[in-house]
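Notes for the structure review
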Amino acid sequence: MIEKALELLRQGRVIFIHDSEDRENEVDAVIRADFVTPSTIAWMRKNAGGLICFVTEDSVGKQLGLDFMSDLLRKVGFNGLVKRPGYGDDPAFSIYVNHVKTATGIRDRDRALTITRLADVVKMVNEGRALDARKIFYDEFYAPGHVPILLGRVGRRFGHTELSLILSRMAGIPPALVIVEMLSDDGGALSKDTVNKIASELGTALISGSEIVSEARRRGII
């Protein structure tokens, strides 16, 4: 199933990741960011329902001058607000941004533009053009916006952020992805069985965090 998921990811298809029953016990839809379109965003908000987030590695974030939101809050004196969620990990959130050419920032075409341009910036960093990438990032984006940037601590944390990035490493694609939680109509997490049926209907894959970590360790990725 891992190989199928990797090929689907390379093709820009949506796949699904379940973290673990001992963590969030949720399934996220995942797609590479450079393949996102307004239709992708529409599908995610209608069929997933969670928070649509842009994902990259913390090392990329540092080259763009980004920091974790929890660290930023500490620096301005909001220490009392900085707590770990119930599953025990430090949050992966950095800042929220919009592209300067968006209208309100929340519309499908707006978020697609913000996400795909962020993917371009990450690709530039990945190619060793960090100074150019940083200039474009500060010229073309503003904050606060409607697209949260998550910074993954690959090998140190094993949430959906990191699991998706591990897959990107194995797939040989840039560390620029979009993830969103799959929620049920009652507002809870959509069950693995239900998501598995959706994956089957879409001809895609649902894989577990343990599968990803095990294969990544076997390959020496983490």
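Residues numbered from 1 in each chain as written. Predicted model: local features only at pLDDT ≥ 70, side-chain atom pairs only at ≥ 80, totals over all residues. Heavy atoms only, no water.

Section: the overall build of the protein
- Helices and strands together make up the secondary structure of the protein, namely nine helices and seven strands.
- Expected size for 222 residues packed as a compact globule is a radius of gyration near 17 Å; at 17 Å, the protein falls within 12% of this value.
- In terms of its C-alpha atoms, the protein occupies a principal-axis envelope of roughly 45 × 40 × 35 Å.
- Counting across all 222 residues of the protein, residues that qualify as buried make up 50%.
- Looking at the protein alone, contacts between residues at least 24 apart form 73% of all its contacts between residues at least 6 apart.
- Averaging the positions of the 30 positive and the 30 negative side-chain charges in the protein gives two centres separated by 4 Å. (Helix = DSSP H or I, 4+ residues; strand = E, 2+ residues; numbered from the N terminus. Rg over C-alpha atoms; globule rule 2.2 N^0.38 Å. Buried < 20%, exposed > 50% of the residue type's maximum accessible area, 1.4 Å probe, protein only. Contact = heavy atoms within 4.5 Å. Lys, Arg positive; Asp, Glu negative; His and termini not counted. Charge placed at Lys NZ, Arg CZ, Asp CG, Glu CD.)

Comments concerning the pairing of strand β5 (residues 141-152)
- Pairing geometry for strand β3 (residues 53-57) and β5, over four bridges, is parallel. Across the sheet, the residue bridging to T56 is L151, located in β5.
- Pairing of strand β4 (residues 93-99) with β5, which is carried by five bridges, proceeds in the antiparallel orientation. The residue bridging F93 from the neighbouring strand is L150, located in β5. (Pairing = 2+ DSSP bridges.)

Here we look at the layout of surface pockets
- Its boundaries defined by the atoms lining it, the largest pocket holds a volume of some 230 Å³.
- As for the largest pocket, its lining consists of 19 residues, and the residues nearest its centre are E24, Y87, F93, L150 and E181.
- Contributing elements (two or more residues each) for the lining of the largest pocket: α7 (160-171) and β6 (177-181).
- Its residues assigned to classes, the lining of the largest pocket shows 10 nonpolar, three polar and six charged. (1 Å grid on protein atoms, 1.4 Å probe; cavity = no way out; pocket = protein on both sides within 12 Å on 5 of 7 lines; lining within 4 Å. Points joined across faces, edges and corners; volume = space filled by probe spheres on them. Nonpolar A, V, L, I, M, F, W, Y, C, P; charged D, E, K, R; others polar.)

Considering the nonpolar core
- In terms of nonpolar packing, the biggest core is built from 41 residues, with F16, F54, I115 and F137 touching the most fellow members.
- For this core, the secondary structure elements donating two or more residues are β2 (27-32), α2 (38-48), β4, α5 (108-126), α6 (130-140), β5, β6 and α8 (192-202).
- Here the element with the most residues in this core is α5; it accounts for eight residues.
- Beyond its immediate stretch of four places on either side in the chain, F137 contacts L64, L66, I95, V97, L118, V121 and I149.
- In terms of nonpolar packing, the next biggest core, distinct from the first, is built from 27 residues, L9, C53, A171 and A216 among them. (Core = buried A, V, L, I, M, F, W, Y, C linked by side-chain atoms within 4.5 Å.)

Concerning the packing of aromatic side chains
- For the coordinates displayed, the defined rule picks out four aromatic pairs.
- Between F93 and Y96 the ring centres are 6.3 Å apart and the planes differ by 10°, which places this aromatic pair in the stacked class.
- Here F93 falls in the partly exposed class, since its relative accessible area comes to 30%.
- A relative accessible area of 31% places Y96 in the partly exposed class.
- Relative to Y138, the ring of F137 has its centre 5.4 Å away and its plane inclined at 85°; by these criteria the two rings are edge-to-face.
- Among the aromatic residues, those joined into a ring-pair cluster are F137, Y138 and F141.
- Lying across the ring of F68, R153 places its NZ or CZ 3.8 Å from the centre. (Phe/Tyr/Trp six-rings, centres within 6.5 Å; stacked < 30°, edge-to-face > 60°. Lys NZ or Arg CZ within 6 Å of the ring centre and 35° of its normal.)

Remarks on the pairing of β6
- Of all five residues in β6, four are buried, a share of seventy percent or more.
- The sheet contact formed by β2 and β6 spans five bridges and is antiparallel. Bridging across to β6, V30 finds its partner in I179.
- Taken together, the three bridges between β3 and β6 define a ladder with antiparallel strand orientation. Bridging from a neighbouring strand, C53 pairs with I179 of β6.

Things to note about the sheet that holds β2
- Overall, mixed pairing links the seven strands, which are arranged β4-β5-β3-β6-β2-β1-β7 in an open sheet. Two strands lie at the open edges of the sheet, namely β4 and β7 (206-208), each paired on one side alone. Averaged over all pairs of adjacent strands, the angle between strand axes in this sheet comes to 40°, irrespective of strand direction.
- Each of β1 (15-18), β2 and β6 touches α2; the most contacted strand, β6, lies at about 20° to it. (Axes fitted to C-alpha atoms, helices over the stretch in contact; angles between N-to-C directions.)

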